[in-house]
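Structural characterization, general
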Amino acid sequence: MGRQGLALALVVGLAVLAGCFPPAPAATPASEGLEPVTLGLGYVPSVQFAPFYVARAKGYFADEGIDVTFQHGIETDFLKLIGTDAMQFGVGSGEQVILGRAQGLPLTYVTTWYRKFPVVVFAPVASGIQEPKDLEGKRVGIPGLFGASLIGWKAMASAAGVDESEVSLESIGFTQAAAVSEGRVDAALDYVVNGPVQLRLAGRDVNVISVADYSTLPANGLVTNDKTIEERPELVQKMVNAMLRGMRYTLDHPDEAFAISLEAVPEAGGENSAVNRAIFDASLDFWQPPPAGLGLADPGAWQEAADFMQQAGLIDKALSAAGIVTNRFVEAAKVE
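Residues numbered from 1 in each chain as written. Predicted model: local features only at pLDDT ≥ 70, side-chain atom pairs only at ≥ 80, totals over all residues. Heavy atoms only, no water.

Looking at the overall build of the protein
Secondary structure summary: the protein contains 14 helices and 10 strands in total. Its C-alpha atoms give the protein a radius of gyration of 19 Å, within 12% of the compact-globule value 20 Å for 336 residues. Reported as C-alpha extents along the three principal axes, the dimensions of the protein are approximately 60 × 50 × 40 Å. In the protein, the share of contacts with a sequence separation of at least 24, taken over all contacts with a separation of at least 6, comes to 81%. Carbon and sulfur atoms form 50% of the exposed surface of the protein, whose accessible area is close to 13,700 Å². Computed over 23 positive and 39 negative side-chain charges, the separation of the two mean positions in the protein equals 2 Å. (Helix = DSSP H or I, 4+ residues; strand = E, 2+ residues; numbered from the N terminus. Rg over C-alpha atoms; globule rule 2.2 N^0.38 Å. Contact = heavy atoms within 4.5 Å. Areas by Shrake-Rupley, 256 points an atom, 1.4 Å probe, with all protein chains shown as cover. Lys, Arg positive; Asp, Glu negative; His and termini not counted. Charge placed at Lys NZ, Arg CZ, Asp CG, Glu CD.)

Below, the structure written as structure tokens:
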């Protein structure tokens, strides 16, 4: 896929979706006087969003005067909405923010959540797939030609010298574990806490190839837009404050945080509790604070990622990290 195709992966078909959102719920006694804010999360509700569920359940958003509503959907859809100011906040991966910025979307990353890029390629041990070059001649499943999985694949393939013409990249939706288990694909791209965890719990031995071992792409965090930063910096600060408190409490009280997540996502409990606890525990490692401190980004790493993406043809212009990521709100939060 060339530069134009990558651009289309983000913007084609992404009509402004604000009209697709359900109407805001009527005010309740608990929400009266609070400012309603919609936060775009990932594809479906999951224990992987525990810090946000914790921040809402513990009242951290309410403490900041915010009545938060979580909206689930496709990451690239949310970034389009944020870039056009049809939505003000969402969770996004860093490389998608860089890609969007290169296409003229005024996105800014304001809080680091994942300390390293979580996308991996996984395959059964019996497949013999142990490194990126082993994927040549193989069928590799991907949710779709968009998002962190696509850019992660492109970055790893470029860094490892994989001949992409020799790899059959197949869109399989969010069915990676089943597709690999059933042999519909030889390997698949997924978050390390998803597909690999599910197969191991099912008794399958898997090999995992981490994109982070080949590229320093920035990972997931809180994203807003330039207009919101310029016109409502106090609102951005409040969102960052609540998010950081939720992250800190989750890391300090994982058992309680998991229980809160099950209240937010009841279908993750019961017979699904064991697999979701394994996913939650695996996620904790990625939520540990980076060396700079909880929530802080490394501008140097962001610049390295932007430079790499240009060199690899993933974006068509040079970008300065100073216009893409900021630590000002995390530095002002002073969350212990």
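Right, picking up where we left off after that structure.
A few points about unusual backbone geometry
A positive phi angle, near 60 degrees, is found at aspartate 85, a position not held by glycine. Along the chain, the position of aspartate 85 falls in the loop between helix H4 (75-83) and strand S3 (89-93).

Side note on the pairing of strand S9 (residues 206-210)
Burial runs high along S9: four of the five residues are buried. By the bridge criterion, five bridges tie strand S5 (residues 119-124) to S9 in an arrangement that is antiparallel. Among the inter-strand pairings, phenylalanine 122 is bridged to a residue of S9, identified as valine 208. (Buried < 20%, exposed > 50% of the residue type's maximum accessible area, 1.4 Å probe, protein only. Pairing = 2+ DSSP bridges.)

Looking at the environment of alanine 219
Here alanine 219 shows up in the loop between S9 and strand S10 (220-225). Sequence separation between alanine 219 and glycine 94 is 125 residues, and the spatial gap between their C-alpha atoms is 5.0 Å.

Details of the packing of aromatic side chains
Where two aromatic rings form a pair, the distance of their centres and the angle of their planes describe that pair. In the structure shown here, the tally under the stated rule is 14 aromatic pairs. Chaining the aromatic ring pairs together yields one cluster made of Phe49, Phe52, Trp113, Tyr114, Tyr191, Phe258, Phe280, Phe286 and Trp287. Sitting over the face of the ring of phenylalanine 286, lysine 116 holds its NZ or CZ atom 5.2 Å from the ring centroid. (Phe/Tyr/Trp six-rings, centres within 6.5 Å; stacked < 30°, edge-to-face > 60°. Lys NZ or Arg CZ within 6 Å of the ring centre and 35° of its normal.)

Observations regarding the layout of surface pockets
Of the volumes computed, that of the largest pocket is approximately 880 Å³. Taken together, 36 residues form the lining of the largest pocket, with Tyr43, Gln48, Phe174, Asp190 and Asn194 sitting closest to its centre. Those elements that provide at least two residues to the lining of the largest pocket are H4, S3, helix H6 (147-160), helix H7 (176-181), strand S8 (187-191) and helix H12 (273-287). (1 Å grid on protein atoms, 1.4 Å probe; cavity = no way out; pocket = protein on both sides within 12 Å on 5 of 7 lines; lining within 4 Å. Points joined across faces, edges and corners; volume = space filled by probe spheres on them.)

Details of the sheet that holds strand S7 (residues 168-171)
Pairing within the open sheet is mixed, and its five strands lie in the order S7-S6-S8-S5-S9. The open sheet has two free edges, formed respectively by S7 and S9, since each of these has just one partner strand. The sheet shows a mean angle of 30 degrees between the axes of neighbouring strands, direction not considered. In this sheet, S8 lies alongside S5 in antiparallel orientation, the contact comprising four bridges. Opposite phenylalanine 122, over in S8, you have alanine 188 as the bridge partner. Across the sheet, H6 is in contact with S5, strand S6 (139-142), S7, S8 and S9; its angle to S5 comes to roughly 80 degrees. (Axes fitted to C-alpha atoms, helices over the stretch in contact; angles between N-to-C directions.)

Quick notes on H4
Counted residue by residue, H4 has nine buried out of nine residues, so it is predominantly covered. The complete set of buried residues in H4 reads Glu75, Thr76, Asp77, Phe78, Leu79, Lys80, Leu81, Ile82 and Gly83. Looking one or two residues beyond H4, the residue adopting positive phi is aspartate 85, at roughly 60 degrees.

Some words on the side chain of glutamine 48
Inspection of the secondary structure puts glutamine 48 in the loop between strand S1 (35-40) and helix H2 (50-57). Glutamine 48 gets classed as buried once you look at its relative accessible area, which sits at 10%. At a separation of 2.7 Å, a polar atom in the side chain of glutamine 48 contacts the side chain of asparagine 194. Excluding its chain neighbours within four sequence positions, the residues that come into contact with glutamine 48 are Trp113, Tyr114, Tyr191, Val193, Asn194, Ile279, Ser283 and Trp287. (Polar contact = N/O pair within 3.5 Å; in protein donor to acceptor, adjacent residues only side chain to side chain.)

Structural notes on the sheet that holds strand S2 (residues 66-71)
Strands sit in the order S2-S1-S3-S10-S4 across an open sheet of five strands; the sheet is mixed. Unpaired on one side and paired on the other, S2 and strand S4 (107-112) mark the two borders of the sheet. Across the sheet, the axes of successive neighbouring strands diverge by a mean angle of 35 degrees, strand direction being ignored. Lying over the sheet, H2 contacts S1, S2 and S3, oriented at roughly 150 degrees with respect to S2. In this fold H4 packs onto S1, S2, S3, S4 and S10, with an angle of close to 130 degrees to the strand it touches most, S3.

A short note on the confidence of the model for the protein
Caution is warranted with low-pLDDT regions, since their predicted coordinates should not be read in detail. Per-residue pLDDT for the protein averages 89, and the proportion of residues at 70 or more is 90%. Confidence over residues 1-30 falls short of pLDDT 50; this stretch has 41 contacts with residues more than four positions distant or in other chains. (pLDDT = per-residue confidence, 0-100.)

Comments concerning the side chain of asparagine 241
Following the sequence through the fold, asparagine 241 ends up in helix H10 (residues 233-252). Once residues lying within four places of it in the same chain are set aside, the contact partners of asparagine 241 are Glu64, Ala333 and Val335.

What to know about the environment of valine 185
Within the secondary structure layout, valine 185 lies in the loop between H7 and S8. Judged by its relative accessible area of 3%, valine 185 is buried. When the C-alpha positions of valine 185 and isoleucine 172 are compared, they lie 9.0 Å apart, and in sequence the two are 13 residues distant. When sequence neighbours within four positions are dropped, the list of residues in contact with valine 185 reads Arg139, Val140, Gly141, Glu170, Ile172, Ala179 and Val180.

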